[in-house]
Amino acid sequence: TYEAGLELFGTEIKSIRQGKVNLKDSWCSIDEGQMYAVGVHISPYDHGNIFNRDPMRRKRLLLHKKEILRLAADQQQGLSVIPLQLYIIKGRAKLEIGLCKGKKLYDKRAVAAKKASQRDIDRALKDRQRD
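Residues numbered from 1 in each chain as written. Predicted model: local features only at pLDDT ≥ 70, side-chain atom pairs only at ≥ 80, totals over all residues. Heavy atoms only, no water.

Enquirer: Would you mind showing me how to read unusual backbone geometry here?
Expert: If you check the backbone angles, E32 has positive phi at about 55° while not being a glycine. Note that E32 resides in the loop between β3 (27-31) and β4 (34-38). Accessibility expressed as a relative area gives 76% for E32, which makes it exposed. (Helix = DSSP H or I, 4+ residues; strand = E, 2+ residues; numbered from the N terminus. Buried < 20%, exposed > 50% of the residue type's maximum accessible area, 1.4 Å probe, protein only.)

Enquirer: So what exactly am I meant to see when it comes to the pairing of strand β8 (residues 92-100) here?
Expert: In the case of a regular strand, side chains alternate between the two sheet surfaces. Across 4 bridges, strand β1 (residues 2-6) lies against β8 in antiparallel orientation. Each bridged residue has a counterpart across the sheet, and for A4 the counterpart in β8 is L95. In textbook terms, the turn of a hairpin is the stretch between consecutive antiparallel strands, and for strand β7 (residues 80-89) and β8 this stretch comprises 2 residues, one of which, K90, has a positive phi near 50°. (Pairing = 2+ DSSP bridges.)

Enquirer: In this structure, what is going on with the packing of aromatic side chains? I would like to understand it.
Expert: In this description, an aromatic ring pair is defined by two values, namely the gap between the centres and the angle between the planes. Under the counting rule described, the total for this entry stands at 0 aromatic pairs. For R53, the ring lying beneath its charged end belongs to F9, and the centroid distance is 3.5 Å. Over the aromatic face of Y36 sits the side chain of R58, whose NZ or CZ is 3.8 Å from the ring centroid. (Phe/Tyr/Trp six-rings, centres within 6.5 Å; stacked < 30°, edge-to-face > 60°. Lys NZ or Arg CZ within 6 Å of the ring centre and 35° of its normal.)

Enquirer: What exactly am I supposed to notice about the sheet that holds strand β6 (residues 59-62) here?
Expert: Strand pairing in a sheet takes place through backbone hydrogen bonds and is either antiparallel or parallel in direction. The strand order across the open sheet formed by 6 strands is β3-β4-β6-β1-β8-β7, and the pairing between neighbours is antiparallel. Edge positions in the open sheet fall to β3 and β7, since each of these has one partner strand only. Neighbour-to-neighbour, the strand axes of the sheet open up by a mean angle of 40°, direction not taken into account. Where β4 meets β6, 3 bridges bridge the pair, whose relative direction is antiparallel. Residue pairing across strands places M35 opposite L61, the latter belonging to β6. With respect to the sheet, helix α1 (residues 10-17) is in contact with β6, β7 and β8, its orientation differing from that of β7 by roughly 80°. (Axes fitted to C-alpha atoms, helices over the stretch in contact; angles between N-to-C directions. Contact = heavy atoms within 4.5 Å.)

Enquirer: It is not clear to me how helix α2 (residues 65-76) should be interpreted in this structure. Could you clarify?
Expert: One turn of an α-helix holds 3.6 residues; hence residues three or four places apart share an orientation. Between the first and last C-alpha of α2 there are 17 Å, a value that for 12 residues agrees with the 16 Å anticipated at 1.5 Å per step. At its buried positions, α2 is contacted by β1, β3, β4, β7 and β8. G78 occupies a position one or two residues after α2 and carries a positive phi of about 95°. (Expected span 1.5 Å × (residues − 1).)

Enquirer: Explain the state of the cysteines here, please?
Expert: Formally, a disulfide is one covalent bond, and it connects the sulfur atom of one cysteine to the sulfur atom of another. Summed over all chains, the structure comprises 0 disulfides. C100 supplies the cysteine sulfur nearest to C28, a cysteine that is in no disulfide, at a spacing of 9.7 Å. For C28, a relative accessible area of 3% puts it in the buried group. C100 sits in the partly exposed class, given a relative accessible area of 26%. (Disulfide = S-S within 2.5 Å.)

Enquirer: Please clarify how the pattern of salt bridges should be interpreted in this entry.
Expert: A pair can form between side chains of opposite charge whenever their charged atoms are brought close. As enumerated under the stated definition, the model contains 5 salt bridges in all. Residue D120 is joined to R123 by a salt bridge in which the shortest nitrogen-to-oxygen separation is 3.4 Å. Within this pair, D120 and its partner R123 are both found in helix α3 (residues 105-130), separated by 3 residues, close to a single helical turn. On the basis of relative accessible area, D120 is assigned to the partly exposed category, the value being 43%. (Salt bridge = Lys/Arg side-chain N within 4 Å of Asp/Glu carboxyl O.)

In structure tokens form, the structure reads like this:
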């Protein structure tokens with residue numbers, strides 16, 4: 001995992017302080033030697049009016065060049081860089097990013113089968129308790 005700063009604008013940090021951030025379905029990409037967080041949704045600030053930015057714009061991550069090059073090499077090997085959590089330290093927003101390996105199709109099928117069987121077991125136990 002790495003800790004990266006975020007390049008934000010005034011109303012975005014106010015919205016982050018209110019906890020209006022969604023990291024679901026987000027990832028990090030490297031473009032022209034810079035790393036960006038794509039898909040991070042920061043809701044518009046309530047009192048921001050014309051100063052609000054696009055909630056889905058890509059946000060530049062503040063990392064050292066060596067870190068970006070290391071992450072780029074890992075992405076070439078099939079790994080993904082995923083935002084894990086967003087927090088504020090000493091007034092500055094930090095994004096924890098992690099190097100992850102995607103699931104294979106057979107892994108996804110196994111997880112779906114396990115969930116379905118657990119759901120059936122829970123349903124049967126619930127029916128038995130009613131009787």
